[in-house]
Amino acid sequence: MIKLQNVCKNFGKTTVLDDISLEIVQGTCSVLSGVSGSGKSTLLSILGAIMKPSSGLVEVDGLNIVSLNDFYLSKYRGDSIGFVTQAFHLFDELDVRDNVVVPLLLSDFSQKEIQQKVDTAMGIASIEHKAQSKVTTLSGGEKQRCMIARALVNNPKIILCDEPTANLDKENSLKFIQIIKELKESGKTIMIATHDPLISELEWIDNIINITEGKIE
Amino acid sequence: MLNKEYINFLALLLFKYRAKHFWILFISSLLVAILSSFLFVSSSIKKDVDLTLSSQSDFIVQKYRAGKVEDTPLEWVDEFNEINGVESATPRVYGMHFYEPSESYFMIVGIDFFDKSTLKSLQKVFDNLDVADFLSKDNMIIGSGVQELFDYYEYKGNYNFRPPDRSIKKVFIYDEFPKQTQIITNDMVVMDIHLAREILGLSENQVTDIAIEVANPLELQTVKTKLVVSHFNMRIISKEDISKLYENLFNYKGGVFLALYILSLITFLLILYQRYTTVIYSDAKEIAILRMTGFKISDVIYLKLAENFIIAVSSYMLGVIMAYIYVYIFNAPLIKEIFLGFNNLKNSVVFAPTIDVSMLVLIFLIFVIPFMLVVLVPVWRIAISESYEVMR
């Protein structure tokens, strides 16, 4: 269960999120919709613990992540969160396999376990055939699937996607949607910030949260 | 505990992003090589000077009048030999010989080969010097610079000096000073004192200075005090004074060099700091990805520490090896001239390999610690900031 209570985020005098309160049930897929600059990505960043709110409470399974120090926040990000972002945030000079393994670098898993996890994640994201390909040689859709594999390799409970289809053509967007659907079915909690109608009009989406000027409508 | 994947990832970061690291590695190695070369050269010179000075007399006494050196009275020799603690007082003559073809000077030093302590000192440099053979005809021992000139002008085995009386004095080359003593003996010509007098146009009663040996090193100061009070118109130069003179000379040159080096090191470190502070997008992105995937601030610092430590240590090792080759195989062109100069004869000194562990540690500390600091401080600043902006 994810619970946000009176969350505000200010950048100087600009209020980006204004008194946001919502609850997300585990295993659901929610879409954050709204125009650019409405605060969708900021909300995802707060949920992903890569940004702290100016005020308010963010609880994940009863744990207030706002009050955590760097040690526990990093553990939370590593164990519970998988990020898929609009820009392809990958190590461009490395191959797909070496990018996917990054979240496991500090783990205590054996070499064999790590390889199994990487193979599984690449399988789910349908990118295993490009495991040895350098990121710079991949298409946009393949880069996206590489990010998904990396987001899944630690088997996180929550997947946060920020404009995941913004740089994809329709065919790749549909592939992405299919993967997300399967993840939802496997019990992952998914939050997607997007204004792509392809996603927001899907019938299996559980919640659509409209954000306008930092407020939930 | 670090797993194999971590090591592999670190190696990949270094190898796959080698273009990014290459210039840092190149400039760093160059700077370490310059610093190491300077320290290798000064260390070798110091060793050579120490070796040469070990064969010098404990004191040299010269007569002074109105601030100028003049001939030292011969009777002072007997007087000094009477002083308790003095092992021997030996007259010496020396003077400059102008060699017209190259417009340079040789320093002719005449010594008394029958004096035991003088002989002992000389034998510290020449193990198997046969005095009887040496004195069997007009012989001389010459420095490497003089030998090079003789070779260049094709003097085979002997050289004709022209004393002031317009005669010709043929002197045979008996031996050459060892290369290790070249710092001091480069332009030196050592011969029997009588022959030296003849060539320099000095009478039998004239001596330039007196070399004094003291048997017990603990009595050096006492003997010096006795010498000082014996005459007020003389100067006493101790072995230590000569050593300090050379040390000051080389330290001064080394100091100027070191100042220039530090200036260039600081410039490089500032550039490096600037590079990491005005973070290139890819660096910030790397750190943001690591943070996003669960790396703590300390994990990011450790990874960057390991990455840059490998670069710094590689630069250090590469730099030291380059310096070793430059100094001990190529004989330090340019730097040698800065240290030795071209005052008289060109000094073609050959530096003997001298590796001092404390010196290597010093180079490591001077270079690696500032390097790591200028890289890690900006990395830490990025790591503590929110990754949000980069992830957009």
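Residues numbered from 1 in each chain as written. Chains lettered and ligands numbered in written order. Predicted model: local features only at pLDDT ≥ 70, side-chain atom pairs only at ≥ 80, totals over all residues. Heavy atoms only, no water.

**What to know about the overall build of chain B**
Basically, it comes down to this: A run of DSSP states H or I qualifies as a helix once it reaches four residues; a run of E qualifies as a strand once it reaches two. Both are numbered from the N-terminal end. Computation of the radius of gyration draws on C-alpha atoms alone. For the globule rule, the value is 2.2 Å times the number of residues to the power 0.38. Relative accessibility thresholds used throughout: buried, under 20% of the residue-type maximum; exposed, over 50%; partly exposed, between the two (1.4 Å probe, protein chains only). It only takes one pair of heavy atoms within 4.5 Å for two residues to be counted as in contact. Every accessible area reported is derived by Shrake-Rupley at a probe size of 1.4 Å, with residue values counting cover from the shown protein chains alone. Two residue types count as positive, namely Lys and Arg, and two as negative, namely Asp and Glu; His and chain ends fall outside the count. The location of each charge is read from NZ of Lys, CZ of Arg, CG of Asp or CD of Glu.
Counting its regular elements, chain B contains 15 helices and ten strands. Its C-alpha radius of gyration of 30 Å places chain B more than 25% over the 21 Å reference for a compact globule of 392 residues. Taken over the C-alpha atoms alone, chain B extends approximately 95 × 50 × 40 Å along its principal axes. When the 392 residues of chain B are sorted by exposure, 51% land in the buried category. Of the contacts formed within chain B by residues at least 6 apart in sequence, a portion of 79% connects residues at least 24 apart. Carbon together with sulfur atoms contributes 62% to the accessible area of chain B, which is approximately 19,400 Å² in total. The positive charge centre, built from 36 side chains, and the negative charge centre, built from 43, are 10 Å apart in chain B.

**Here's the deal with the overall build of chain A**
Of regular secondary structure, chain A possesses seven helices and ten strands. Computed over C-alpha atoms, the radius of gyration of chain A comes to 17 Å, within 12% of the 17 Å expected from 2.2 N^0.38 for 217 residues, which places it in the range of a compact globule. Per-residue burial over chain A gives 55% buried out of 217 residues. Taking contacts inside chain A between residues at least 6 apart in sequence as the whole, the part at least 24 apart equals 70%. Accessible surface for chain A amounts to roughly 9,000 Å². Of this, 48% is attributable to carbon and sulfur atoms. Of the charged side chains in chain A, 22 are positive and 28 negative, and the gap between their average positions amounts to 3 Å.

**Structural notes on unusual backbone geometry**
All names here are of chain B. At Ala 66, a residue that is not glycine, the phi angle is positive and equals roughly 50°. Among the secondary structure elements, Ala 66 is positioned in the loop between strand 1 (59-65) and strand 2 (68-70). Look at Arg 166: it is not a glycine, yet its phi comes out positive at around 70°. When you line up the elements, Arg 166 lands in the loop between strand 6 (158-161) and strand 7 (169-176).

**Some remarks on the interface of chain B and chain A**
The criterion, for reference: A simple way to read buried area is as the amount of 1.4 Å-probe accessible surface that goes missing from two parts once joined, with both sides added. Counted as salt bridges are all cases of a side-chain nitrogen of Lys or Arg within 4 Å of a carboxyl oxygen of Asp or Glu. Polar contact is defined as a pair of N or O atoms within 3.5 Å, subject to the rule that within protein one atom must be able to donate a hydrogen and the other to accept it, and that residues adjacent in sequence are counted only when both atoms are side-chain atoms. Gly falls in the polar group here, along with every residue not listed as nonpolar (Ala, Val, Leu, Ile, Met, Phe, Trp, Tyr, Cys, Pro) or charged (Asp, Glu, Lys, Arg).
Counting residues at the interface gives 29 residues for chain B, matched by 35 residues for chain A. For the pairing of chain B and chain A, the buried interface totals around 3,100 Å² over both sides, and the portion due to carbon and sulfur atoms is 61%. At the junction of chain B and chain A, the tally comes to three salt bridges. Scanning the region where chain B abuts chain A turns up seven residue pairs in polar contact (both at pLDDT 80 or more). Going through the elements one at a time, helix 1 (4-16), helix 11 (281-292), helix 12 (297-329) and helix 15 (388-391) of chain B are the ones with two or more residues in the side of chain B that touches chain A. With eight residues, helix 1 of chain B is the largest single contributor of residues to the side of chain B that touches chain A. Of the residues that constitute the side of chain B that touches chain A, the class distribution is 14 nonpolar, five polar and ten charged.

**Description of the nonpolar core**
Which entries qualify depends on this criterion: Among the buried residues, those of types Ala, Val, Leu, Ile, Met, Phe, Trp, Tyr and Cys that are joined through side-chain atoms within 4.5 Å form a nonpolar core.
By size, the foremost hydrophobic cluster in this structure holds 59 residues, and its most contacted members are Phe91(A), Val100(A), Phe176(A), Ile180(A) and Phe9(B). If you tally residues by element for this core, the top one is helix 5 (residues 140-152) of chain A, at six residues. Apart from the residues within four sequence positions on either side, Phe91(A) is in contact with Asn99(A), Val102(A), Val135(A), Phe9(B), Leu13(B), Tyr17(B), Glu286(B), Ile289(B) and Leu290(B). In terms of nonpolar packing, the next biggest core, distinct from the first, is built from 58 residues, Val49(B), Leu119(B), Leu129(B) and Val374(B) among them.

**As for the domain arrangement of chain B**
Put simply, the rule is: The split of the chain into domains comes from an automatic or database domain assignment.
Domain boundaries assigned for chain B yield domain 1 (4-51 + 245-391) and domain 2 (72-207). In this structure, domain 1 of chain B and domain 2 of chain B have C-alpha centres spaced 47 Å apart.

**Some details on the pairing of strand 2 (residues 14-24) of chain A**
All names here are of chain A. Heads up, the condition is: Strand pairing is assigned whenever DSSP identifies at least 2 bridges connecting the two strands.
Direction of pairing for strand 1 (residues 2-11) relative to strand 2: antiparallel, over a ladder of seven bridges. Its bridge partner being in strand 2, Asn 10 is matched across the sheet by Thr 15. In sequence, strand 1 turns back onto strand 2 through a hairpin of two residues, with Gly 12 there showing a positive phi of about 65°.

**Some remarks on the layout of surface pockets**
Threshold: Here a cavity denotes a set of grid points, spaced 1 Å apart and computed over the protein atoms alone, in which a 1.4 Å probe fits but from which it cannot get out, and a pocket denotes an open set meeting protein on both sides within 12 Å along at least five of seven lines; residues with an atom within 4 Å of a point are reported as lining. Grid points are joined across faces, edges and corners, and a volume is the space filled by probe spheres set on the points.
Here the second largest pocket defines a volume of roughly 470 Å³. What lines the second largest pocket is a set of 21 residues, among which Asp79(A), Leu106(A), Ser107(A), Gly294(B) and Lys296(B) lie closest to the centre. Of all the secondary structure elements, the ones that give two or more residues to the lining of the second largest pocket are helix 2 (70-80) of chain A together with helix 12 of chain B. The leading source of residues in the lining of the second largest pocket is helix 2 of chain A, at five residues. Considered class by class, the residues forming the lining of the second largest pocket number ten nonpolar, six polar and five charged.

**Examining the state of the cysteines**
Residues and elements named next belong to chain A. The following threshold applies: The term disulfide is used for any two cysteine sulfur atoms that are within 2.5 Å.
For the structure shown, the criterion picks out zero disulfides over all chains. Lacking any disulfide linkage, Cys 29 is separated from the closest cysteine sulfur, that of Cys 161, by 7.8 Å. Residue Cys 29 is classed as buried on the basis of its relative accessible area of 0%.

**So, the packing of helix 2 (residues 18-53) of chain B against helix 12 of chain B**
Residue and element names in this part refer to chain B. As a reminder of what qualifies: To obtain an axis, a line is fitted to C-alpha atoms, over the contacting stretch when the element is a helix, and the angle between two such axes runs from 0 to 180 degrees between their N-to-C directions. Orientation labels follow simple angle bins: below 35 degrees gives roughly parallel, above 145 gives roughly antiparallel, 65 to 115 gives roughly perpendicular, and whatever is left gives oblique. By convention the crossing between two helices is left-handed if the near helix lies anticlockwise of the far one by an angle smaller than a right angle, and right-handed if it lies clockwise.
Helix 12 packs onto helix 2 with a crossing angle of 45° between their chain directions and a minimal axis gap of 6 Å. The orientation of helix 2 with respect to helix 12, classified from their angle, is oblique. Crossing geometry of helix 2 relative to helix 12 is assigned as right-handed. Of the residues belonging to the contact of helix 2 with helix 12, the class tally is 17 nonpolar, nine polar and one charged.

**Section: the side chain of Thr165(A)**
Relative to the elements of secondary structure, Thr165(A) occurs in the loop between strand 7 (158-162) and helix 6 (170-185). Residue classification places Thr165(A) among the buried residues on the basis of a relative accessible area of 5%.

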